[in-house]
Amino acid sequence: MIVVDRLTKTYGAKKAVDDLSFTVSPGRVTGFLGPNGSGKSTTMRCMLGLDAADIGSVTFDGKRYSELDQPLTHVGSLLDAGDAHKGRSARNHLRWIAMTHGFPESRVDEVLHQVGMSEVAKTKVGKFSLGMRQRLGLAVALLGNPQTVILDEPANGLDPEGIRWTREVMRSLADAGRSVLVSSHQLVELSMVADDLIVIGQGKLISAGPISQFMSQHAKTWVRVVSPQFDALAALVIAQGGTVERTNEGGDFHAVTAIQIGEIAAANNIVLYELSPQTGSLEEAFLDATDASVEFRGESAVSHNGRGQ
Amino acid sequence: MLRTFRSELFKMTTTRATKVLLGFAVLLPVVIYVLTLIYGFDGGEMGSPAVVNIASGAPLVALLLGVIGVMCATQEYSQGTIRITLVATPNRQRVYFAKLLTTLYIAVFSTAVLIGLSLIATVIVLKVRGVQFELIGNDARVLLSFFVLTAVVALFGFSLGLIFKSGPGAISATLLWPTIAESMVFGLLSAATTHNFFRWAPIQNGFQLVSEFRFDDYNSWNVSALLFAGFVAVFAVVGASLFMKRDA
């Protein structure tokens, strides 16, 4: 279990992380979300002792990272796929890391096989695509067979097969009782694998808890209805306080539940072809939750007068 | 500690830049020396003259090993691997000493190879000419000083590397201070006063360690060694302190 307690980190006048507290539980994949510049990477670096926190602490099963004996056997991390010497082979890159813990060379070959890089083990890192470097970074994270895994954008640059493979690796690690903390901007992917979410903005905690809780708090919900008597149903629902948005085939009802609509339809002998509760995407929920804390916001690609930029 | 040292040594010896630079630092002076030995002398007593010739390349070799020292410190920052290094070994003191030991090991080992090859070549060439080779006078001290010079200049480069974090900046400082800047600074001080400040130029004192003869304007071997090592020690302390504290 990772426990982040009142973590604060300042660079000059800027507070990158501000009194941040959360926990990452074993057996669960925890997504770590936040807009650019929100302090995710700084938090991860502080967790691993790369940056010194001003205040607060991070512990792994009760111990600070610097107190861990053979740290790679406790915590595996991937912070940046580019953290490898371009002139060194993939195998040699893993070998020097393995040497720090006395891992046998057979373990290096095992993880290379695990990430599907046995064929290119002797190829220099400089010749790898971003996706291959991500796989190598994952191999580094898995080298010590750790209890906790911290991954910063692990699917960045991977092809669809690689993304699915990454998802499966995270899931299998969590299913084996490990704690997995993963930062990603690929929200669709994250929504498919994460059990819990930590959302931060401008260094502060916005939300922490199960993904279902986050979605119920921040995602829009509505009811999609298709009916040959749609206008009649719409009038009845509006009278009950609901709102309607017409679509090609029917409409979306807001501020009422599917049960309420079903009862109204039944009471008035209205035929329904479709009555389905809808929930917005994780992306929409994330944008809703972090709207107030977005630091860097781009302009629309189309200007207000309608001409392309 | 041993594991960290092995890892650091492996890192340094698996990059092309290190191999090329070590080739230049060790083999080039040996080749030049052997050519000088073959074509520059026509026999005669070959004790001190041979050692003087071997040692004449010491400042250049030391500067090249100083660049190796810079690389030992900065390569990881430029390639981003410093983060993995510190994640694998969070004890920064251990990482610092492993890197320091790697730098000194490479410097001393390279110097030993260079001197060894040069002496073997000397013995062979002189034997062909029917001359017996033996170390005489200050020869042993000069050869020992060769090791001191290369190790301390490598430490100088290593320390500047940790201070600058950037390879080009640290390499420039490692090469320009001993060859140009130090002479200018101490030369100007001497010109502005009646005192011979140049006598106290620290790296020049280091270069004088490998001199077979002590001239009047030289300090004694011990004073030169102290001045040289003390100057580099200041940078070593600053470099170590920054490495321990700095965010990675």
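In this text the structure is predicted, and so the values were computed from the model without any measurement. (Residues numbered from 1 in each chain as written. Chains lettered and ligands numbered in written order. Predicted model: local features only at pLDDT ≥ 70, side-chain atom pairs only at ≥ 80, totals over all residues.)

1. Overview of the overall build of chain A
Working step 1: Assigned secondary structure in chain A consists of 10 helices and 14 strands.
Working step 2: Taken over 309 residues, chain A has a buried fraction of 43%.
Working step 3: Intrachain contacts of chain A at a sequence separation of at least 6 include 68% that bridge at least 24 residues. (Helix = DSSP H or I, 4+ residues; strand = E, 2+ residues; numbered from the N terminus. Buried ≥ 20, exposed ≤ 12 C-beta atoms within 10 Å, placed from the backbone. Contact = placed C-beta atoms within 7 Å.)

2. Observations regarding the interface of chain B and chain A
Working step 1: With 21 residues of chain B at the contact, the number on the chain A side is 28 residues.
Working step 2: For the side of chain B that touches chain A, the per-class residue count stands at seven nonpolar, eight polar and six charged. (Nonpolar A, V, L, I, M, F, W, Y, C, P; charged D, E, K, R; others polar.)

3. So, the sheet that holds strand S13 (residues 251–254) of chain A
Two modes of strand pairing occur in sheets, parallel and antiparallel, and in both the strands are linked by backbone hydrogen bonds.
All names here are of chain A.
Working step 1: Here we have four strands laid out as an open sheet, ordered S12-S13-S11-S14, and antiparallel in their pairing. The sheet terminates laterally at strand S12 (243–246) and strand S14 (274–279), the two strands that pair on one side only. Going across the sheet, the axis of each strand differs from the next one's by a mean of 25°, ignoring polarity.
Working step 2: Summarising the sheet, S12 and S13 pair through four bridges and their orientation is antiparallel. Among the inter-strand pairings, Glu-245 is bridged to a residue of S13, identified as Asp-252. (Pairing = 2+ DSSP bridges. Axes fitted to C-alpha atoms, helices over the stretch in contact; angles between N-to-C directions.)

4. Description of the packing of helix H6 (residues 92–128) of chain B against helix H10 (residues 221–245) of chain B
All names here are of chain B.
Working step 1: At their nearest, the axes of H6 and H10 sit 9 Å apart, and the two run at 140° to each other. With respect to H10, the axis of H6 lies oblique. Crossing handedness for the pair H6 and H10: right-handed. Where H6 approaches H10, its residues Arg-92, Gln-93 and Tyr-96 are matched on the opposing element by Ala-240, Phe-243 and Met-244.
Working step 2: Taken together, the residues that form the contact of H6 with H10 break down as four nonpolar, one polar and one charged. (Parallel < 35°, antiparallel > 145°, perpendicular 65-115°, else oblique. Left-handed = near helix turned anticlockwise from the far one by under 90°.)

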